[in-house]
Amino acid sequence: MGAEAMEEEQQPLSTPPTETPIITETATAYPWLALKFDVPPRKIYHFCHQFRRGSPNTNNFLKGVKWSPDGSCFLTSSEDNGLRLFYLPDNVGEIELESCASADGSEDPYECSLMVSEAESVYDYCWYPYMSASDVTSCVYASTTKDHPIHLWDAVSGQLRCTYRAYDAMDEITAAYSVAFNSSGTRLFAGYNKSIRVFDVHRPGREFKQYSFLQNDKGGPAGIVSSIAFSPTHNGMLAMGSYNQAIAIYVEDNMEPLYVLHGQAGGVTQVLFSKDGNYLYTGGRKDPYILCWDVRNTVDIVYKLYRSSENTNQRIAFDIEPCGRHLGTGGQDGLVHIYDLQTGYWTGSFQAASDTVNGFSFHPSLPLAVSSSGHRRFNMLDTNDEEFTLSCEENCISVWGFSCAPLADGVYFDDNDPSMQLETKINDQDVSQAEP
């Protein structure tokens, strides 16, 4: 790997962030939004043709999508081992459905700004938590692929910044199955089979701390660590899920185990903390329920949220909106379901695609969301391509625009304001009350 030889000469990030994040003008430009989920969102952008054009894989389906922390772009992963980066146009707030160039499915509105091709299947990827388009040195994301070390990619040039390598007992490179930056962005946690390795972000190479679960007598993640998430409140807690159906919560500094949770019917594919850090949401493969856990009292499950995923091993991602009130998740039925996290009740749904919606992510500051769809079609190998012409609603990416709550509900959104500023007048008692 010629590109990996440069890792000792290049530093992934210029300056580590302080323990207390610095709130910039970009971060405070758009306050949190009270989104309306009883009204179906409008489709602003739709991408499908560029995932099929020039790809040797007839069924180049999407595997997931994630917004950047600053909301300037989103990153997709697909079956052709490609990571594509799409930047939002400057006038995204003024786009209406009628002006969507891909409304008829004839063409994509624009091409991806950047594409990185990995050598093997992409297991996982994540953004640097303090990524900002105004700071080029922070525009990076990490990815892990089969039989390769962890790569740190430049989101501006597409060049490889550096690699983080782990070796097995035979001194051969072993691939991570999951990756995640800690809340301060100084360390990179990587999940392996029955172990986790922690890399210093500013020291690429093969230096790491390893925590093994081989002799774990507390029922922790004894299998492959498939998902890692950190509490957004900077309280030092992280959660890990594994394919042995166990979820474990640890202290970040010394990896001391706090809780081990059991209840997922299938291997855990995602763990996600609530915005206040008091609740943990977990999902698994071939498991139709997202489980809600109270990390302050882990005796029992708080409630379950249904999604159509009981017949697939595919990883189906869910996300929580910036204000922390609602959760959105896809499923095999092509629907995106929205749930009220205060009550656990279903709020609404909308048709996002004609096949499996495997990725859904809320924009960190604007009333937008992005979804990805697609699944593996085994019978396409034995059938003519003409018989399996995919529609524009399959293997696609869609950007959705949500309506905002009127002034009576707490937040007023001025559509005529080009800066998309919000006047927030939220009554804490009204927000805390859950509708039946």
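Scroll up to find the structure.
Note that the coordinates shown come from a computational prediction; the quantities given were computed from them, not determined experimentally. (Residues numbered from 1 in each chain as written. Predicted model: local features only at pLDDT ≥ 70, side-chain atom pairs only at ≥ 80, totals over all residues. Heavy atoms only, no water.)

What to know about the packing of aromatic side chains
- Enumeration according to the criterion identifies 24 aromatic pairs in this entry.
- Ring centres of Phe47 and Phe86 lie 4.8 Å apart, and the angle between their planes is 50 degrees; on these two criteria the pair is classed as tilted. One end of the pair, Phe47, is in strand β2 (residues 42–47); the other, Phe86, is in strand β5 (residues 82–87), with 39 residues separating them in the sequence. In this structure, Phe47 and Phe86 share a single accessibility class: buried.
- Three or more aromatic residues joined by ring pairs form one cluster here, namely Tyr45, Phe47, Phe51, Trp67, Phe74, Phe86 and Tyr110.
- Taking NZ or CZ as reference, Arg197 lies 4.4 Å from the ring centre of Tyr192, over its face.
- When the ring centre of Tyr243 is taken as origin, the NZ or CZ atom of Arg285, which lies over that ring, is 4.3 Å away. (Phe/Tyr/Trp six-rings, centres within 6.5 Å; stacked < 30°, edge-to-face > 60°. Helix = DSSP H or I, 4+ residues; strand = E, 2+ residues; numbered from the N terminus. Buried < 20%, exposed > 50% of the residue type's maximum accessible area, 1.4 Å probe, protein only. Lys NZ or Arg CZ within 6 Å of the ring centre and 35° of its normal.)

Points about the sheet that holds strand β4 (residues 73–78)
- With antiparallel pairing, 4 strands are arranged side by side in an open sheet as β3-β4-β5-β6. Because the sheet does not close on itself, it has two edges, and the strands there are β3 (62–67) and β6 (114–117). Going across the sheet, the axis of each strand differs from the next one's by a mean of 15 degrees, ignoring polarity. (Pairing = 2+ DSSP bridges. Axes fitted to C-alpha atoms, helices over the stretch in contact; angles between N-to-C directions.)

Quick word on the side chain of Asn395
- When you line up the elements, Asn395 lands in the loop between β28 (368–373) and β29 (397–401).
- Reaching out from Asn395, the side chain makes a polar contact with the side chain of Asn59 at a distance of 2.8 Å. (Polar contact = N/O pair within 3.5 Å; in protein donor to acceptor, adjacent residues only side chain to side chain.)

Structural notes on the pattern of salt bridges
- Enumeration according to the criterion identifies 14 salt bridges in this entry.
- With its nearest N and O atoms 2.9 Å apart, the salt bridge here joins Asp80 to Arg84. Across the pair, exposure class does not vary: Asp80 and Arg84 are buried alike.
- Overlapping salt bridges, with partners in common, bring together Lys63, Glu79 and Arg376 in one network. (Salt bridge = Lys/Arg side-chain N within 4 Å of Asp/Glu carboxyl O.)

So, the environment of Leu261
- As for its placement among the helices and strands, Leu261 is situated in strand β18 (residues 257–262).
- Classification of Leu261 as buried rests on a relative accessible area of 1%.
- Those residues in contact with Leu261 that lie beyond four places of it in its chain are Gln245, Ala246, Ile247, Ile249, Leu280, Trp293 and Thr298. (Contact = heavy atoms within 4.5 Å.)

Describing unusual backbone geometry
- Not every positive phi belongs to a glycine, and Asp171 is a case in point at roughly 60 degrees.
- Relative to the helices and strands, Asp171 is located in the loop between β10 (160–164) and β11 (178–181).
- Using a relative accessible area of 49% as the deciding quantity, one classes Asp171 as partly exposed.
- Phi is positive for Gln245, which is not a glycine, with a value near 75 degrees.
- Within the fold, Gln245 resides in the loop between β16 (237–242) and β17 (246–251).

Details of the pairing of β10
- Counted residue by residue, β10 has 5 buried out of 5 residues, so it is predominantly covered.
- Where strand β9 (residues 150–154) meets β10, 4 bridges bridge the pair, whose relative direction is antiparallel. By the bridge assignment, Ile150 is partnered in β10 with Tyr164.
- The turn joining β9 and β10, which pair antiparallel and follow one another in sequence, is formed by 5 residues; a positive phi near 80 degrees is taken by Gly158.

Description of the environment of Gly328
- The residue Gly328 is located in strand β24 (residues 326–329) in this model.
- Considering only alpha carbons, one finds Gly328 and Asp340, 12 residues apart in sequence, at a separation of 9.3 Å.
- Aside from chain neighbours lying at most four places away, what touches Gly328 is Phe318, Asp319, His337, Ile338, Phe360 and Phe362.

A word on the side chain of Ser231
- Its location among the elements puts Ser231 in the loop between β15 (225–230) and β16.
- At 2.9 Å, the side chain of Ser231 and the side chain of Thr233 are in polar contact.
- Polar contacts involving the side chain of Ser231 include one to the side chain of Asn235, which spans 3.1 Å.
- Aside from chain neighbours lying at most four places away, what touches Ser231 is Ser183, Met237, Phe273 and Gly277.

Looking at the environment of Asn193
- Tracing the chain through its elements places Asn193 in the loop between β12 (187–192) and β13 (195–200).
- By relative accessible area, Asn193 is classed as partly exposed at 44%.
- In sequence terms Asn193 and Tyr243 are 50 residues apart; their C-alpha atoms lie 9.6 Å from each other.
- Asn193 has contacts with Tyr177, Gly223 and Ile224, leaving out every residue within four places of it along the chain.

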